[in-house]
Amino acid sequence: MADLDQMALQDESPMEPLSNVARTPIFLGLGSNVEREFNLRATVEALASRLVDMRCSSVYECESVGYPGPHYFNMVVSARTDMSLGALNTWLKELELIQGRRAGMRCATITIDIDLLLYGDLVGCFEGMLLPRQAILEHAFVLLPLSTLAPDHLHPQTRTSFTELWQAMKETEKMRRVDLQWQVMMDFTGVVVDSHGC
């Protein structure tokens, strides 16, 4: 019996520590023009509940693009996740609903918009999503926070760093960095907040 017990113990492989689970690096774009600070803070705290190694860019205010409406607060979040692309996208849409976004909501008023910008180095159409998100190359309110948060990270399609892409961007929206009291949020989540900006 002792020999059988010993064999059983040898057959049991140790569980892999949670910290060693393979995780995919991701970048998310967040935007809100309704109760902007509240919605950004609440969303970042919700994201921190399931993502690891999370970092936040500074927050930037900019005008609505493509339609009239209140000015937006925009930021970018980087993190790692063990969720599949489909599961991550479903969860992000659930977070938008929790924050009050509804299907058919007027584009001029958005409680929170969570865009998956990058999922690892995927390039192409996956789960109905085009990756990397085209907005990275088109809008300053996405590329500027990306370039300050991860200046040397390479765009998986152009193989150019976010800093180089930002320096090459010719037309940009009017933007200004907004200093918010992120320390309040950090006390709850331990999220690292980027303090750089232009």
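Because the structure is predicted, anything quoted here is derived from the model rather than measured.

(A) Representation of the pairing of strand β5 (residues 113–119). Extensive coverage of β5 is indicated by the burial of six of its seven residues. Strand direction decides the pairing type here: strand β1 (residues 24–32) and β5, joined by six bridges, are antiparallel. Within β5, the position partnered with Leu28 by the bridge is Leu116.

(B) Expanded view of the environment of Pro132. When you line up the elements, Pro132 lands in the loop between β7 (129–131) and α4 (135–138). Since its relative accessible area comes to 3%, Pro132 is described here as buried. Separated by 16 residues in sequence, Pro132 and Leu116 place their C-alpha atoms 8.3 Å apart. If sequence neighbours within four positions are ignored, Pro132 has contacts with Leu117, Leu118, Leu122, Val123, His155, Pro156 and Gln157.

(C) Structural detail: the layout of surface pockets. As a volume, the largest pocket reaches approximately 540 Å³. Lining of the largest pocket is provided by 29 residues; of these, Tyr67, Tyr72, Asp113, Asp115 and Phe141 occupy positions nearest its centre. Listing elements by their share of the lining of the largest pocket, those giving two or more residues are β1, β4 (72–81), α3 (85–98), β5 and α5 (140–149). It is β5 that provides the largest number of residues to the lining of the largest pocket, a total of five residues. Each residue belonging to the lining of the largest pocket can be placed in one class, and the counts come to 16 nonpolar, six polar and seven charged.

(D) Up close: the side chain of Thr148. For Thr148, the location among the structural elements is in helix α5. Judged by relative accessible area, Thr148 falls into the buried class, the value being 17%. A polar side-chain atom of Thr148 sits 3.0 Å from the main-chain carbonyl oxygen of Pro145.

(E) Spotlight on α5. Most of α5 sits inside the fold, with 10 of its 10 residues counted as buried. Among all positions in α5, only Ala140, Phe141, Val142, Leu143, Leu144, Pro145, Leu146, Ser147, Thr148 and Leu149 are buried.

(F) Broad picture of the confidence of the model for the chain. In this model, the chain carries a mean pLDDT of 82, and residues with pLDDT of at least 70 account for 77%. Looking at the elements of the chain, mean pLDDT is at its lowest for helix α1 (residues 2–11), recorded as 38, and at its highest for β1, recorded as 97.

(G) Quick look at helix α2 (residues 36–48). Taking 1.5 Å of rise per residue, the 13 residues of α2 would be expected to cover 18 Å, and the 18 Å separating its terminal C-alpha atoms lies within 8% of that figure. Turning to α2, its buried residues are Asn39, Leu40, Arg41, Thr43, Val44 and Leu47.

(H) Representation of the pairing of β4. For β4, the buried fraction is high: nine of the 10 residues fall into the buried class. Across nine bridges, the pairing between β1 and β4 is antiparallel. By the bridge assignment for β4, Phe27 is matched with Ser78. One ladder, built from three bridges, connects strand β2 (residues 52–56) with β4; its direction is antiparallel. Among the inter-strand pairings, Cys56 is bridged to a residue of β4, identified as Val77. Here strand β3 (residues 59–62) runs beside β4; their pairing, made up of three bridges, is antiparallel.

Thresholds applied
- Residues numbered from 1 in each chain as written.
- Predicted model: local features only at pLDDT ≥ 70, side-chain atom pairs only at ≥ 80, totals over all residues.
- Heavy atoms only, no water.
- Buried < 20%, exposed > 50% of the residue type's maximum accessible area, 1.4 Å probe, protein only.
- Helix = DSSP H or I, 4+ residues; strand = E, 2+ residues; numbered from the N terminus.
- Pairing = 2+ DSSP bridges.
- Contact = heavy atoms within 4.5 Å.
- 1 Å grid on protein atoms, 1.4 Å probe; cavity = no way out; pocket = protein on both sides within 12 Å on 5 of 7 lines; lining within 4 Å.
- Points joined across faces, edges and corners; volume = space filled by probe spheres on them.
- Nonpolar A, V, L, I, M, F, W, Y, C, P; charged D, E, K, R; others polar.
- Polar contact = N/O pair within 3.5 Å; in protein donor to acceptor, adjacent residues only side chain to side chain.
- pLDDT = per-residue confidence, 0-100.
- Expected span 1.5 Å × (residues − 1).

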